Amino acid sequence: MGEIIDGRAIANEIKEEVKAEVEQYKQQGITPKLDVVLVGDDPASISYARSKGKVSDKLGVAYELHTLPTDTPEADVLQLIERLNGDETVHGILVELPLPKHIDKEKVMEAVDPNKDVDGVHPINRGYIMSGQEGLFPATPQSCVEILLRSGVELQGKHAVLVGRGETVGKPLFFMLLKHNPTMTVCHSRTKDLASFTKQADIVIAAVGRAKMITGDMLKPGAVVIDAGINQAEDGGLCGDVDFDSAKEVAGKITPVPGGVGSMTTALILKNVLKAIKKQQG
Ligand code: NDP
């Protein structure tokens, strides 16, 4: 059976690093602050926003949640973002998605100051991912990269097969991984015979959104398997895009769901708040 990578333990490692750096900022008279904008009453968004608040508290990061009703006009959301952009005590801004249908998501994402965009959604930060420059990058793909690096997985010269090219995970992850010199194959919904690709992979990364679609018989023995998927399982719980039970018998290392990639995203958003301070200081 393969080694199960403990995402929660890696998240704790990152949280300790963030906590120590927050202390240093406080000694310089700066209290790192994250502001989250939540429009509407999507239960998942409410729960994500709360969890960011809790972790911020633990790490000494100031946190403010701006809750707006579902029918808030787009102009009011943009006005709030503009105010937060101009507020020097606010270092990170994150708008919870999805937004209500009457609000143009792209317009809102573009309104956030790229130097405060801790969710890595602004086109300028997207561009930095491609150009290899330091920017604020989205937490989920970052989490996949951190898991690989902190688990001591060699990437250079290895064959990494990325399943999924979505805007949130797959596409940014492609560029973020490529920096570490693996040979990369990207598969998607039009890929013919997916298993023929995954079977060649030293590293398989799943970012699809289809419960348990990658099974053990689709893997090369000893492969490292990183599962970014979050899906509803038949029993009502959460499961990944990888069929964990069959895959763990073949994989060399594998992330579980829950307890893998998703466990690290809040810690990485707070790490981005610290990176944002550096960007704001130039
Ligand atoms: P998208 O829906 O944007 O992209 C899904 C990708 O999977 C697309 O590229 C699509 O192909 C591909 N795909 C769909 N069906 C198949 C198939 N049968 N075979 C191969 N590829 C297929 O997803 P996101 O990028 O938004 O998210 C990906 C996963 O990550 C989801 O499970 C989501 O829940 C999870 N997620 C996890 C987070 C976390 O914190 N852990 C945060 C955000 C997302 P095509 O491009 O051709 O349509």
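Residues numbered from 1 in each chain as written. Predicted model: local features only at pLDDT ≥ 70, side-chain atom pairs only at ≥ 80, totals over all residues.

As named in an unreviewed UniProt entry, the protein chain is Bifunctional protein FolD, taken from Metallumcola ferriviriculae. In its Sequence similarities (unreviewed entry) section, UniProt records this for the protein chain: "Belongs to the tetrahydrofolate dehydrogenase/cyclohydrolase family." (UniProt positions renumbered as here; feature names shortened; annotations may be inferred.)

Quick look at the sheet that holds strand β3 (residues 62-68) now. Sheets are built from strands paired through backbone hydrogen bonds, the pairs being either parallel or antiparallel. Spatially, the three strands line up as an open sheet ordered β3-β2-β4, and their pairing is parallel. Each edge of the open sheet carries a strand with a single partner, namely β3 and β4 (92-95). Adjacent strand axes in the sheet meet at a mean angle of 15°, parallel and antiparallel pairs treated alike. Alignment of strand β2 (residues 33-39) against β4, held across four bridges, turns out to be parallel. Within β4, the position partnered with D35 by the bridge is I93. Each of β2 and β4 touches helix α10 (residues 265-281); the most contacted strand, β4, lies at about 135° to it. (Pairing = 2+ DSSP bridges. Helix = DSSP H or I, 4+ residues; strand = E, 2+ residues; numbered from the N terminus. Axes fitted to C-alpha atoms, helices over the stretch in contact; angles between N-to-C directions. Contact = placed C-beta atoms within 7 Å.)

So, on to the site of the ligand. Taken together, 27 residues surround the ligand, and among them G166, T168, S189, G209 and G262 come closest. Of the residues contributing to the shell around the ligand, the split by class is nine nonpolar, 13 polar and five charged. (Near = placed C-beta within 6 Å. Nonpolar A, V, L, I, M, F, W, Y, C, P; charged D, E, K, R; others polar.)

Right, let's get into the domain arrangement of the protein chain. Per the domain assignment, the segments of the protein chain are domain 1 (29-113) and domain 2 (139-263). If you average the C-alpha positions of domain 1 and of domain 2, the two centres end up 30 Å apart. (Domains from an automatic or database assignment.)

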